[in-house]
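# Structural description and commentary
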Amino acid sequence: MAEDPAEVAVGAVTLVVAVGFFVYAAQLTGLGQGGAGAYPLTASFASAEGVGPGTDVRLAGIRVGTVTGMELNRDTFRADMAFSIAGDVDVPEDSAVAIASEGLLGGTFVEILPGASPFALEPGAEFAETQGARSLLGLLADLITGD
């Protein structure tokens, strides 16, 4: 079998493009997060609707980590969530964490609401204050009833 140089070149370009897409997808989904310098934090939510592993964790609108795991706590019936936070981000120990929406049709993300403490959360620490996801129907009901 004779190999045509044009076919070899097209095959090589295809392989390079496929690797590029894989690297892009890994960065987009946070697959590369949790490596050197990242540290874990946890939180427990009454409702974690719309959030799953790979969801962005943001501080002041900037992505600083990802959700790495979720499970149902069978004792408290709450959603226990684990995060991986970039090592160069010190989260104050009195910070809160909330599940936020990007808009009516947008996705959800986890938002860190920083506190004022001069001390940072240690790796593996748990956020004391959390705010779970709010459904659109719940928000509309609150608006109608005035709560």
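The following refers to the structure shown. Everything numeric in this text was worked out from a predicted model, so none of it was measured. (Residues numbered from 1 in each chain as written. Predicted model: local features only at pLDDT ≥ 70, side-chain atom pairs only at ≥ 80, totals over all residues. Heavy atoms only, no water.)

### Re the pattern of salt bridges
- Throughout the structure, instances matching the rule amount to three salt bridges.
- With its nearest N and O atoms 3.6 Å apart, the salt bridge here joins R58 to D56.
- Judged by relative accessible area, R58 falls into the buried class, the value being 18%.
- With a shortest N-O distance of 2.7 Å, R58 and E102 are connected by a salt bridge. Within this pair, whereas R58 is found in strand β2 (residues 56-59), its partner E102 is found in the loop between β5 (96-101) and β6 (108-113), the two being separated by 44 residues in sequence.
- Judged by relative accessible area, which is 46%, E102 ranks as partly exposed.
- One continuous salt-bridge network, built from bridges that share partners, spans D56, R58, R63 and E102. (Salt bridge = Lys/Arg side-chain N within 4 Å of Asp/Glu carboxyl O. Buried < 20%, exposed > 50% of the residue type's maximum accessible area, 1.4 Å probe, protein only. Helix = DSSP H or I, 4+ residues; strand = E, 2+ residues; numbered from the N terminus.)

### Focus: the side chain of S44
- Note on placement: S44 falls in strand β1 (residues 39-45).
- The residues contacting S44, other than those within four sequence positions of it, are R78, A79, D80, E126 and T130. (Contact = heavy atoms within 4.5 Å.)

### Focus on unusual backbone geometry
- Residue A60 is not a glycine yet carries a positive backbone phi of 60°.
- Mapped onto the elements, A60 comes out in the loop between β2 and β3 (62-73).

### Description of the packing of aromatic side chains
- According to the stated counting rule, one finds one aromatic pair in the structure shown.
- Here the aromatic rings of F83 and F127 are separated by 6.1 Å at their centres, their planes lie at 80°, and the arrangement is edge-to-face. Taken as a pair, F83 in strand β4 (residues 78-85) and F127 in the loop between β6 and β7 (129-131) lie far apart in primary sequence, 44 residues in all.
- Note on F83: relative accessible area 2%, which makes it buried.
- Over the ring of F109 we find R58, and its NZ or CZ is 4.3 Å from the ring centre. (Phe/Tyr/Trp six-rings, centres within 6.5 Å; stacked < 30°, edge-to-face > 60°. Lys NZ or Arg CZ within 6 Å of the ring centre and 35° of its normal.)

### Quick look at the nonpolar core
- Counting residues in hydrophobic clusters, the biggest one holds 23 residues, and the most contacted among them are M81, F83, I85, V91, I112 and F127.
- Listed by contribution, the elements that provide at least two residues to this core are β1, β2, β3, β4, β5 and β6.
- Here I112 is in contact with V57, R58, L59, V64, I85, V91, S95, A96, V97 and F127, once residues within four sequence places are set aside. (Core = buried A, V, L, I, M, F, W, Y, C linked by side-chain atoms within 4.5 Å.)

### Quick word on a nonpolar patch on the surface
- A cluster of nonpolar side chains, contributed by L15, V19, F22 and V23, occupies part of the molecular surface with about 400 Å² of accessible area.
- Summarising the element assignment, L15 is placed in helix α1 (residues 5-29). (Patch = residues over 30% accessible without salt bridge, like charges linked within 9 Å, V, L, I, M, F, W, Y side chains within 5 Å. Areas by Shrake-Rupley, 256 points an atom, 1.4 Å probe, with all protein chains shown as cover.)

### Concerning the pairing of β2
- Pairing geometry for β2 and β3, over four bridges, is antiparallel. The partner of L59 across the bridge, within β3, is I62.
- The antiparallel hairpin formed by β2 and β3 contains two residues in its connecting segment, where A60 sits at a positive phi of about 60°.
- Two strands pair when backbone bridges link them, and β2 and β6 are joined in this way by three bridges, in the parallel orientation. Bridge pairing in β6 links R58 to E111. (Pairing = 2+ DSSP bridges.)

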